[in-house]
Amino acid sequence: MSNFVLKIIAMISMFCDHLGYAIYEKFSYFNYIGRIAFPIFAFGISEGYLHTRSKKNYLMRLFMFAIISQAPFMFFTSIFSNEFSLNIFFTLFLGLVAIIGYEQCKNKYVGILLVACLGLTADALKMDYGYFGIFMIFIFHVFKNKKLLMNLSFIALCLFKYIPLYIKYNFYLPYVFLFICTCLSLVFINQYNSEKGKNVKYLLYGFYPVHLILLYVFNIIFI
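Residues numbered from 1 in each chain as written. Predicted model: local features only at pLDDT ≥ 70, side-chain atom pairs only at ≥ 80, totals over all residues. Heavy atoms only, no water.

Caption draft 1: Inspection of the overall build of the chain at higher detail. Secondary structure summary: the chain contains 10 helices and zero strands in total. Each helix and strand of the chain, ordered N terminal to C terminal, gives the series α-α-α-α-α-α-α-α-α-α. Over its C-alpha atoms the chain spans a radius of gyration of 17 Å, differing by no more than 12% from the 17 Å that the globule rule assigns to 223 residues. Principal-axis analysis of the C-alpha atoms places the extent of the chain at approximately 55 × 40 × 35 Å. Within the chain, the proportion of its 223 residues that are buried is 48%. For the chain, contacts bridging at least 24 residues in sequence account for 70% of all contacts bridging at least 6. A total of about 11800 Å² of accessible surface is found on the chain, and carbon and sulfur atoms cover 68% of it. The averaged location of the 8 negative side-chain charges in the chain is 9 Å from the averaged location of its 18 positive side-chain charges. (Helix = DSSP H or I, 4+ residues; strand = E, 2+ residues; numbered from the N terminus. Rg over C-alpha atoms; globule rule 2.2 N^0.38 Å. Buried < 20%, exposed > 50% of the residue type's maximum accessible area, 1.4 Å probe, protein only. Contact = heavy atoms within 4.5 Å. Areas by Shrake-Rupley, 256 points an atom, 1.4 Å probe, with all protein chains shown as cover. Lys, Arg positive; Asp, Glu negative; His and termini not counted. Charge placed at Lys NZ, Arg CZ, Asp CG, Glu CD.)

Structure below.
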């Protein structure tokens, strides 16, 4: 399965996730499908780090689209929430910063501490997926050549996120399904064949803000 195919699967999953909010204006079964998307995007950042010709340009591109996407993201999230948050491109940007910072640290324990601090920063700045997103990107990077450890670490991270929520909200069963569906992303990620596939660098970048605006308009007109 090429990188291009993974991106298409992630975009379809993300669209289903957001479509649910546009229709129901709250959590729905669409969100289970949507849990597949972010892990694939996180995996894509770890792969992008390895294959990009310019890490500086890669960082700048992510940050630029984070800025471009923020207004569409805020319009869209206003459908179901009044809370401020930063869109997923900020999370992907900070995740890439975490990888670069870790690799530049001679002492890897210091590098891990840096990643942890960036995870806390993501939470403090209310980035989409917060620490969970930063740690996930890091796991895909640091265990890129150890598939078993990558999978086990990913599952452990998901347990760390969802078990406290499951207990906090009186054993609310949907958190079990969210955990399962998030882990299902590994089925696709493990099929990755290290091939780039079709060259559509800006497909995801453009799709993200455009589909958010379209779904916002859809909600305003039809719901």
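And the narrative resumes.
Caption draft 2: Up close: the packing of helix 4 (residues 55–77) against helix 5 (residues 88–104). Running from amino to carboxyl end, helix 4 crosses helix 5 at an angle of 160°, the nearest separation of the two axes being 8 Å. With respect to their mutual orientation, helix 4 and helix 5 come out roughly antiparallel. As helix 4 runs across helix 5, the sense of the crossing is left-handed. Facing Lys55, Tyr58, Leu59, Leu62, Phe63, Phe65, Ala66, Ile67, Ser69 and Gln70 of helix 4, the residues of helix 5 in contact are Phe89, Phe90, Leu92, Phe93, Leu96, Val97 and Ile100. By residue class, the composition of the contact of helix 4 with helix 5 is 14 nonpolar, two polar and one charged. (Axes fitted to C-alpha atoms, helices over the stretch in contact; angles between N-to-C directions. Parallel < 35°, antiparallel > 145°, perpendicular 65-115°, else oblique. Left-handed = near helix turned anticlockwise from the far one by under 90°. Nonpolar A, V, L, I, M, F, W, Y, C, P; charged D, E, K, R; others polar.)

Caption draft 3: Spotlight on the nonpolar core. With 68 residues, the main nonpolar core has Phe41, Leu62, Leu92 and Phe140 as its most contacted residues. Per-element tally for this core: the top contributor is helix 5, with 11 residues. Excluding its chain neighbours within four sequence positions, the residues that come into contact with Phe140 are Pro39, Ala42, Phe43, Ser46, Met150, Phe154, Leu186 and Ile189. (Core = buried A, V, L, I, M, F, W, Y, C linked by side-chain atoms within 4.5 Å.)

Caption draft 4: Seen up close, the packing of helix 3 (residues 37–51) against helix 9 (residues 174–189). Two elements in contact, helix 3 and helix 9, have axes whose closest approach is 8 Å; the angle formed by their N-to-C orientations is 50°. The angle between helix 3 and helix 9 falls in the class oblique. Crossing of helix 3 over helix 9 shows right-handed handedness. Residues Pro39, Ile40 and Phe43 of helix 3 lie in contact with helix 9, whose contacting residues are Thr182, Ser185, Phe188 and Ile189. Class assignment of the residues belonging to the contact of helix 3 with helix 9 gives a composition of five nonpolar, two polar and no charged.

Caption draft 5: Representation of helix 3 within the structure. A rise of 1.5 Å per residue sets the reference length of helix 3, with its 15 residues, at 21 Å; its end C-alpha atoms lie 21 Å apart and thus fit the reference within 8%. The buried count for helix 3 comes to 13 of 15 residues, which makes it a mostly enclosed element. (Expected span 1.5 Å × (residues − 1).)

Caption draft 6: Representation of helix 9 in the model. If you check helix 9, its first and last C-alpha atoms are 23 Å apart, about what 16 residues at 1.5 Å a residue would give, namely 22 Å. Every buried residue belonging to helix 9 is among Pro174, Tyr175, Leu178, Phe179, Cys181, Thr182, Cys183, Ser185, Leu186 and Ile189, and all of these are buried. Where the residues of helix 9 are buried, they touch helix 1 (3–24), helix 2 (30–34), helix 3, helix 7 (130–142) and helix 8 (147–168).

Caption draft 7: The pattern of salt bridges, seen in detail. If you walk through the whole model with that rule in mind, you get two salt bridges. The partner of Asp17 in a salt bridge is Arg35, and the shortest N-O contact between them spans 2.8 Å. Of this pair, Asp17 sits in helix 1 while Arg35 is found in the loop between helix 2 and helix 3, placing the two residues 18 residues apart along the sequence. Neither residue differs from the other here; Asp17 and Arg35 are each classed as buried. Between Lys108 and Glu103 there is a salt bridge, with the nearest N and O atoms lying 4.0 Å from each other. Given a relative accessible area of 30%, Lys108 falls into the partly exposed group. (Salt bridge = Lys/Arg side-chain N within 4 Å of Asp/Glu carboxyl O.)

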